[in-house]
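Below are the chains, spelled out letter by letter.
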Amino acid sequence: MRAVSVRNGKGGADAMFIDANVPDPVLANESILVQIEAFGLNRMDIMQREDRYPYPLLPESGKIMGVEFSGIVEKCGEGCTNRFSPGDKVFGLAYGGAYAEKIVVSEKMLMLLPPNLSFIEAAGIPETFFTAIQAIFLVGNLQPGQTVLIHAGASGVGQSAIQLARLGGASKIFTTAGSDEKCNLCKSLGAHFATNYKSGGDFAQLVEKETNSRGVDLIVDLVGRNYFHQNMKSAAMDSRMVLVAALSGSKIDDFDLRALLNKRIWLMATTLRTRDAAYQGQVRDVFLEKVMPHLKDGEVRVTVDQVYSWKDVADAHKRLESNVNAGKIICRVE
Ligand SMILES: NC(=O)c1ccc[n+]([C@@H]2O[C@H](COP(=O)([O-])OP(=O)(O)OC[C@H]3O[C@@H](n4cnc5c(N)ncnc54)[C@H](OP(=O)(O)O)[C@@H]3O)[C@@H](O)[C@H]2O)c1
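No experiment lies behind these values; they were computed from the predicted model shown.

**Things to note about the overall build of the protein**
Per the secondary structure count, the protein includes 10 helices and 15 strands. For 334 residues, the compact-globule estimate of 2.2 N^0.38 gives 20 Å, and the C-alpha radius of gyration of the protein, at 20 Å, lies within 12% of that figure. With respect to the principal axes defined by its C-alpha atoms, the protein has extents near 60 × 40 × 35 Å. Burial statistics for the protein: of 334 residues in total, 55% are counted as buried. For the protein, restricting intrachain contacts to residue pairs at least 6 apart in sequence, the fraction spanning at least 24 positions comes to 70%. Carbon and sulfur atoms form 50% of the exposed surface of the protein, whose accessible area is close to 14500 Å².

**Considering the UniProt feature "domain: Enoyl reductase (ER)" (unreviewed entry) in the protein**
Residues annotated by UniProt as "domain: Enoyl reductase (ER)" (unreviewed entry) correspond here to residues 11–331. Taken end to end, residues 11–331 has its terminal C-alpha atoms 20 Å apart, with 30% of it in helix and 25% in strand.

**Remarks on the pattern of salt bridges**
Going through the model one piece at a time under the given rule, you end up with 15 salt bridges. Put simply, Arg49 and Glu321 hold a salt bridge, and the shortest N to O gap is 2.8 Å. On the criterion of sequence distance, the pair formed by Arg49 in helix H1 (residues 43–49) and Glu321 in helix H10 (residues 313–321) is long-range, its members being 272 residues apart. What makes Arg49 buried here is its relative accessible area of 1%. Overall, the relative accessible area of 33% leaves Glu321 in the partly exposed class. A salt bridge links Asp217 to Arg214, with the nearest nitrogen and oxygen atoms 2.7 Å apart. With a relative accessible area of 46%, Arg214 lands in the partly exposed category. The structure contains a network of salt bridges with shared partners spanning Arg49, Glu50, Arg52 and Glu321.

Reading guide: rules and limits
- Residues numbered from 1 in each chain as written.
- Predicted model: local features only at pLDDT ≥ 70, side-chain atom pairs only at ≥ 80, totals over all residues.
- Heavy atoms only, no water.
- Helix = DSSP H or I, 4+ residues; strand = E, 2+ residues; numbered from the N terminus.
- Rg over C-alpha atoms; globule rule 2.2 N^0.38 Å.
- Buried < 20%, exposed > 50% of the residue type's maximum accessible area, 1.4 Å probe, protein only.
- Contact = heavy atoms within 4.5 Å.
- Areas by Shrake-Rupley, 256 points an atom, 1.4 Å probe, with all protein chains shown as cover.
- UniProt positions renumbered as here; feature names shortened; annotations may be inferred.
- Salt bridge = Lys/Arg side-chain N within 4 Å of Asp/Glu carboxyl O.

In structure tokens form, the structure reads like this:
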């Protein structure tokens, strides 16, 4: 089959090429072979491309990038339930291998495509929504009526988290983003307040004012270093902070553990790709129960920033690296 490879195993965006000599993935017992129509880009793909992915990749990840896709079921392994059949339109999560014409994944990580979603939209759903499900519900344990602060609100994960917080009954949703357009996008998805950090906005001050100095119950942080001290100021007593990424850096200057003790803050971190298939299957089931009905009725949406032919995957990576995207960048397999 054809798949995206990286010249000499690592390099910049222009080192990627469509390799016509990649072995087909092998169908195993409880897995499903899918003909890929589209795949979504994620920042971990860039790290994998540069050979600096921070966690050991599981053997099932393989060398090919890409953790989310949409496509058509070609064949089901013998041990599969009868949930999927050849010809079904599906989308799903993978440990790797989505930048390709074909992929084999566990049936636990696959979902049927609802008629109102295109292959393009669906390819951008699994990674950000599954991550947001962890951050808001499974790890963050948001309760109806609680307040939440979501950083990088216009990122794929941020947009999903805002919508899940709304579905989960958050009373006030605060976000941060790097432009007025991105702030407006966050509000259109359900955020009550959006701070443009690039024009001098101070989210901690806003949280203080709008919560009568109480702080927020849950912080979903993707930014790390630059926001850490302000996050400590914004946290309520007995609040929770879920660290999903550290886009501005991971080392905190002048961090005093007493900041956590003073407010009994629960600091937690979560990653998705390092989880086993049973866990990912549970997240998939929460997605089907809590999110899928609202994707079908239009109450929840996925923002597609830009679509590229996979032949232009280098341009797609460059756009992601430039931070200008607001939503998912998708490649069509042609
Ligand atoms: N833990 C997990 O399991 C997991 C899963 C998926 C993704 N992630 C991570 O989560 C992060 C977001 O992923 P995504 O796919 O949602 O990203 P995305 O859609 O590409 O959006 C990222 C956005 O973050 C903002 N940003 C970048 N650097 C920043 C900085 N220094 N300070 C503040 N904001 C910054 C930029 O928007 P602005 O214009 O607003 O600055 C950028 O557009 C990535 O680091 C990704 O690797 C983690």
